[in-house]
Amino acid sequence: MPVADPNSPEERLKTAYSEILSDPFDEKYEDAWEEDTYWAAVESFKLKLKEIGIDDPFEILKKFNITSYESIRDRLKAGPPACFRAGWKSPYIGAKVDPVAVVAPLKHVHGPEFSGQERIVVLDFWATWCGPCVRAGPELSDLSEKYAGRVAIVGVNNECMFKPRDGDISVVTTFLEEHKKEFRYTIYVDNEEGHARDTVYKVSEYRAIPCVIVVVEGVVTYVGGPYKEFFAALQTALGEPVAAKEE
């Protein structure tokens, strides 16, 4: 994949958007919102656009579903989804889940088939178009090999996780063939109805992928990204230290 030129007008626009309109308001949502400060930032952003040589930023930003300064304001003022706020805990924690039943309607495409023998199961919801999901593959593969027989890492792919996309299973199988060194664990593809997405992922109320759900003896103990909190949950389940790579 070609590397974007950081000096191109589009890349400079995206940098300016982040530095002027987005990042400064990360913690200023809901009651902490500062309306006047936001519109002052808009004027600073417009000045930066003149410097870059862009007349209409929304011709570029519309590809990210950003269509007006008002829509930016509304999104920032509303704040991030609950699952990305400090102290969030999924309502799915403590729920009973049968991982074998979850994957039963799904298509097995990679690695050994899951039989449910392990006491600890990690359901990894992902898609090929998701950069963080792809980057998580090697570490999840390492975990599946290191704790083979004790922990089952079960990938659940759904290319249509958030919106309609190409549902052709060959998209996934081709990707896995090209990345077989990075993805060395069991992977299933969700069915056309989105069985795993709708009965597990959506119920967890986590709103991003990768999303890993740790199930210990049939009970959910963790929902979130495959980051340090995940490794802490896995460590608790295993009763021994589990080292995570740097995020």
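The sections below set out a description of the structure shown in this document. This structure is a prediction, so every number in the text was calculated from the model and none was measured.

Moving on, we come to the sheet that holds strand β5 (residues 211-216). The 6 strands lie next to each other as β1-β4-β3-β2-β5-β6, forming an open sheet whose pairing is mixed. If you trace the sheet from one side to the other, it starts and ends with β1 (107-110) and β6 (219-224), each paired once. Direction aside, neighbouring strands of the sheet carry axes that sit 25° apart on average. The strands that helix α7 (residues 169-178) touches are β1, β2 (120-126), β3 (151-157) and β4 (186-189); relative to β1, the one it contacts most, it runs at about 25°.

According to the stated counting rule, one finds 17 aromatic pairs in the structure shown. On the numbers, 5.1 Å between centres and 65° between planes, the contact of Phe 230 with Phe 231 is edge-to-face. The pair Phe 230 / Phe 231 is uniform in exposure class, with both members buried. Members of the aromatic cluster, joined through ring pairs, are Phe 25, Trp 33, Tyr 38 and Trp 39. We note Lys 28 situated over the ring of Phe 25; from NZ or CZ to the ring centre the distance is 5.7 Å.

Note on placement: Val 151 falls in strand β3. We classify Val 151 as buried; its relative accessible area is 4%. Sequence-wise, Val 151 and Pro 57 are 94 residues apart; in three dimensions their C-alpha atoms are separated by 48 Å. Look past the residues within four positions of Val 151 in its chain and what remains in contact with it is Glu 118, Ile 120, Val 122, Leu 234 and Leu 238.

Across the interface, helix α6 (residues 131-146) lies against helix α9 (residues 228-238) with an axial gap of 14 Å and an inter-helix angle of 5°. The orientation of α6 relative to α9 falls into the category roughly parallel. On α9, the residues touching Glu 139, Leu 140 and Leu 143 of α6 are Phe 230, Phe 231 and Leu 234. Among the residues making up the contact of α6 with α9, the classes are represented as 5 nonpolar, no polar and 1 charged.

Quick look at the nonpolar core now. By size, the foremost hydrophobic cluster in this structure holds 56 residues, and its most contacted members are Phe 125, Leu 143, Ile 213, Phe 230 and Leu 234. Residue contacts for Phe 230: discarding those within four places in its chain leaves Val 122, Leu 140, Leu 143, Val 212, Val 214, Tyr 222 and Gly 225. Tyr 17, Trp 33, Ile 52 and Leu 61 belong to the second-largest nonpolar core, a separate cluster that totals 20 residues.

Moving on, we get to the side chain of Arg 197. Mapped onto the elements, Arg 197 comes out in helix α8 (residues 195-204). Apart from the residues within four sequence positions on either side, Arg 197 is in contact with Phe 125, Asn 158, Cys 160, Met 161, Asp 190 and Lys 202.

Looking now at the pairing of β3. Counting buried positions along β3 gives 7 out of 7 residues, so the element sits mostly inside the fold. Burial along β3 is two-sided: the face carrying Val 151, Ile 153, Gly 155 and Asn 157 and the face carrying Ala 152, Val 154 and Val 156 are both buried. Of the strand pairs in this sheet, β2 and β3 are connected by 7 bridges, and their pairing is parallel. The partner of Trp 126 across the bridge, within β3, is Asn 157. At this point the chain moves from β2, through α6, to the parallel β3, and the crossover so formed is right-handed.

This part takes up the state of the cysteines. Working definition: the covalent bond between the sulfur atoms of two cysteines is a disulfide. The tally for this structure, following the rule as stated, stands at 1 disulfide. Residue Cys 130 pairs covalently with Cys 133 via a disulfide, S to S 2.4 Å. Linking Cys 130 and Cys 133, the disulfide has an S-S dihedral of approximately 80° and is accordingly described as right-handed. Accessibility classification places Cys 130 together with Cys 133 in one group, the buried group.

Criteria and cut-off values
- Starting from 1, residues in each chain are numbered consecutively following that chain's sequence as written.
- Local features are withheld for residues below a pLDDT of 70 in this predicted model, meaning they are given only at 70 or higher, and side-chain atom pairs are given and counted only at 80 or more; totals for whole chains, interfaces and linings count all residues.
- Note that the side-chain values use all heavy atoms of the structure and ignore hydrogens as well as water.
- If DSSP finds at least two bridges between two strands, the strands pair.
- A run of H or I in DSSP counts as a helix once it spans at least four residues, and a run of E counts as a strand once it spans at least two, with each numbered from the N terminus.
- Note on geometry: axes are lines fitted to C-alpha atoms, helical ones only across the stretch in contact, with angles between N-to-C directions running from 0 to 180 degrees.
- Two residues form a contact once any of their heavy atoms are found within 4.5 Å.
- The aromatic pairing rule takes the rings of Phe, Tyr and Trp, using the six-membered ring of Trp, and pairs them if the centres are within 6.5 Å, calling planes under 30 degrees apart stacked, those over 60 edge-to-face and the rest tilted.
- Only protein chains enter the accessibility calculation, which uses a 1.4 Å probe. A residue is then buried if its area is under 20% of the maximum for its type, exposed if over 50%, and partly exposed in between.
- A ring is considered to have a charge above it if a Lys NZ or an Arg CZ atom is located within 6 Å of its centre and within 35 degrees of its normal.
- The scheme is simple: roughly parallel for angles under 35 degrees, roughly antiparallel for over 145, roughly perpendicular for 65 to 115, oblique for anything else.
- When residues are sorted by character, Ala, Val, Leu, Ile, Met, Phe, Trp, Tyr, Cys and Pro go into the nonpolar class, Asp, Glu, Lys and Arg into the charged class, and all the rest, Gly among them, into the polar class.
- What makes a nonpolar core is a set of buried Ala, Val, Leu, Ile, Met, Phe, Trp, Tyr and Cys residues whose side-chain atoms join them at distances within 4.5 Å.
- A crossover counts as right-handed when, viewed with the strands pointing away from the observer, the path leading from the first strand over the helix to the second turns clockwise.
- Any cysteine sulfur atom paired with another within 2.5 Å is treated as part of a disulfide.

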